[in-house]
Amino acid sequence: MKLINITYFMLPFLISFVLMFLTYANIYLAWFTFFLWLSVIIGFFNFVNFLVMFLRSRSYRTNILGLPIKLKVAAFVTSYNEDPEIVEGTLRSVKAALRDLGDVFLLDDSTDEKISKELSDFCKNNGIYYFHRNHRRGFKAGAINDALKQIDDKYDLVAFFDADQRPTEDFFDEVIPYFADPKIAFVQVPQKYTELRSQVAEGSRYQQSPFIHLIMQGRDYVSAFSLGSGTVIRISALKEVGYLDESSLTEDVATSISIHELGYKSKYVNKPLIWYGEPPNDINAYFIQQSRWSFGSFQITKKILKSNLSFTAFLDYLSGWFYWVEVGPLTVFQILAPVILILFGYPVVKINPILNSSIYIPFVIFTFSFYGFAMKGKEYGIKGFFYHQFLEYMEFYPVTLSFIAWILGRKIPFRVTPKGKKAKFNKQLAAPVIFLVLLYLTLTKGILILLHFNINSLSFKEAIIVNEGWAAFHTIFLTGGLYISIKSLFYKVEPTAYIAT
């Protein structure tokens, strides 16, 4: 099985190499040709995966099988220098949802003594166990593992909640019955973003929508993975894999792989059981979040390739890796391809531009159309599509930096996504601005070439027109991304009012 898995992983690289060999226009830029083809091939693989998820999600059900069971729950809320008001609100919600099913624990790694004291006093006055460490070994995963090793053996399940993820009162009533099946290792509910104070926050919510309403439903039972918050997991299964994996910034995904390797199943319950969540409200917070998620995904590359997962589960996990590669470093090659030809005069691919466009453009139109069809009725729409794409174009820079750091064997620090803080300008916006300037210069030069120069070669003229089209395509989405990023520094949308029920 490992041989089949690794062969599949290598397939887009092999196809891209063959296409590079057949179409490179400049021996010195052959490497660029390879990565440009790789962006196309991996984009195709990602679309096929999305199609498969869509088809699998159509048979998704949340019917509970078996009788309700009584299991003891340890509910962990994790915090690191978070706003005490947000943490206290979450603790109240968790306690209200848990009732007599178990106990609530605050795992507080805060280094700010004022925050720690306020939270400690709150826990003491509200019957909540307070855990505090003087170190950050293993970060969030380390805090959870340390707490699990200290609590009594009377607990059957452990639930994880981030400081801004609040369960509804019927959360555990909806989740616990699934554990009547001994093969269910954990149950995951979707996280919800409600505190939308900016257009970046709105974009973050729309970007999560396909994942929450389609991808995870398609992975139900087979490879639905823990999201770190809103997870309820069987403690015995967690101990069986050696607790949470502390070697990755995305310990939730890494641990899920280990659990699925043992043949356990995971249930995804797509119900609104989380009623509060604060997304990144400015581009700085968004970059921090995407950098952490992408780097964690790159960190588990070897774990995925060496795993004993079923082929279906392997494809599901690998698709996440392909996604981050596509929106990160491969997007750079997509953007720079028309720039290199028109602005600097170096052809990258030797192929008939009309033939290429007659195949690729209909594919792009079809993928966008199918994407809209698949998301119909999921509070997405045209606005959601564009906000999603605008914000996704912005992440190429932090994700590419994460990819480079992983390739070079470097580590990046664990940084919590800032919450409840005023937006500020991020110097990392300089990279998208530079790329956008290059695109505008490319568009301008391309127009001047077509209007004022006598072009004898029809194929060269066609190449200019096609590359102008792609430059315009990238310009639209990158301009939109910068627009909502910069506007979010000054304009705030009133948060939606949600009440726990």
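What comes next concerns the included structure. (Residues numbered from 1 in each chain as written. Predicted model: local features only at pLDDT ≥ 70, side-chain atom pairs only at ≥ 80, totals over all residues. Heavy atoms only, no water.)

### Description of the overall build of the chain
Here is step 1 of the chain: Across its full length, the chain carries 18 helices and 9 strands.
Here is step 2 of the chain: Against the 2.2 N^0.38 benchmark of 23 Å for 501 residues, the chain shows a C-alpha radius of gyration of 24 Å, consistent with a compact globule.
Here is step 3 of the chain: In terms of principal-axis extent, the alpha carbons of the chain reach across some 80 × 50 × 45 Å.
Here is step 4 of the chain: Counting across all 501 residues of the chain, residues that qualify as buried make up 57%.
Here is step 5 of the chain: Here the contacts in the chain between residues at least 6 apart in sequence split such that 85% fall between residues at least 24 apart. (Helix = DSSP H or I, 4+ residues; strand = E, 2+ residues; numbered from the N terminus. Rg over C-alpha atoms; globule rule 2.2 N^0.38 Å. Buried < 20%, exposed > 50% of the residue type's maximum accessible area, 1.4 Å probe, protein only. Contact = heavy atoms within 4.5 Å.)

### Quick notes on the sheet that holds strand 6 (residues 184-188)
Through backbone hydrogen bonds, the strands of a sheet pair up, either in parallel or in antiparallel fashion.
Here is step 1 of the chain: The strand order 3-2-1-4-7-6-8 describes an open sheet built from 7 strands, whose pairing is mixed. Looking at which strands have only one partner, the edges of the open sheet turn out to be strand 3 (129-132) and strand 8 (265-268). Geometrically, the sheet is characterised by an average inter-axis angle of 20° between neighbouring strands, direction not taken into account.
Here is step 2 of the chain: Across 4 bridges, the pairing between strand 6 and strand 8 is parallel. Each bridged residue has a counterpart across the sheet, and for F186 the counterpart in strand 8 is S266.
Here is step 3 of the chain: Sitting on the sheet, helix 4 (residues 113-125) is in contact with strand 1 (73-79), strand 2 (102-108) and strand 3, with an inclination near 155° to strand 3. (Pairing = 2+ DSSP bridges. Axes fitted to C-alpha atoms, helices over the stretch in contact; angles between N-to-C directions.)

### Describing the layout of surface pockets
Here is step 1 of the chain: Here the largest pocket is characterised by a volume of approximately 820 Å³.
Here is step 2 of the chain: As for the largest pocket, its lining consists of 30 residues, of which L36, W37, V349, I351 and N356 are closest to the centre.
Here is step 3 of the chain: With 7 residues, helix 18 (residues 458-487) is the largest single contributor of residues to the lining of the largest pocket.
Here is step 4 of the chain: For the lining of the largest pocket, the class distribution of residues is 22 nonpolar, 7 polar and 1 charged.
Here is step 5 of the chain: Volume-wise, the second largest pocket comes out at about 430 Å³.
Here is step 6 of the chain: Together, 19 residues line the second largest pocket, and Q191, K192, I212, H213 and E379 are the ones closest to its centre. (1 Å grid on protein atoms, 1.4 Å probe; cavity = no way out; pocket = protein on both sides within 12 Å on 5 of 7 lines; lining within 4 Å. Points joined across faces, edges and corners; volume = space filled by probe spheres on them. Nonpolar A, V, L, I, M, F, W, Y, C, P; charged D, E, K, R; others polar.)

### Some words on the pairing of strand 6
Here is step 1 of the chain: Taking burial as the measure, the 5 residues of strand 6 include 5 buried ones, the bulk of the element.
Here is step 2 of the chain: As paired elements, strand 6 and strand 7 (residues 231-234) share 3 bridges and run antiparallel to each other. Bridge assignment links V187 to a residue of strand 7, and that residue is V232.

### As for the packing of aromatic side chains
Here is step 1 of the chain: Across all of its chains, the model carries 55 aromatic pairs by this definition.
Here is step 2 of the chain: For the ring pair F45 and F322, a centre distance of 6.1 Å and an interplane angle of 85° mean the geometry is edge-to-face. Of this pair, F45 sits in helix 2 (residues 30-57) while F322 sits in helix 12 (residues 311-327); the two residues are 277 residues apart in sequence, bridging distant segments of the chain. An identical accessibility class is assigned to F45 and F322; each is buried.
Here is step 3 of the chain: Plain terms: the ring middles of F368 and F385 are 5.1 Å apart, the flat faces sit at 70° to each other, and that makes the pair edge-to-face. Taken together, the residues F368 in helix 14 (residues 353-374) and F385 in helix 15 (residues 381-394) connect sequence positions 17 residues apart.
Here is step 4 of the chain: Exposure remark for F368: the relative accessible area of 30% places this residue in the partly exposed category. (Phe/Tyr/Trp six-rings, centres within 6.5 Å; stacked < 30°, edge-to-face > 60°.)

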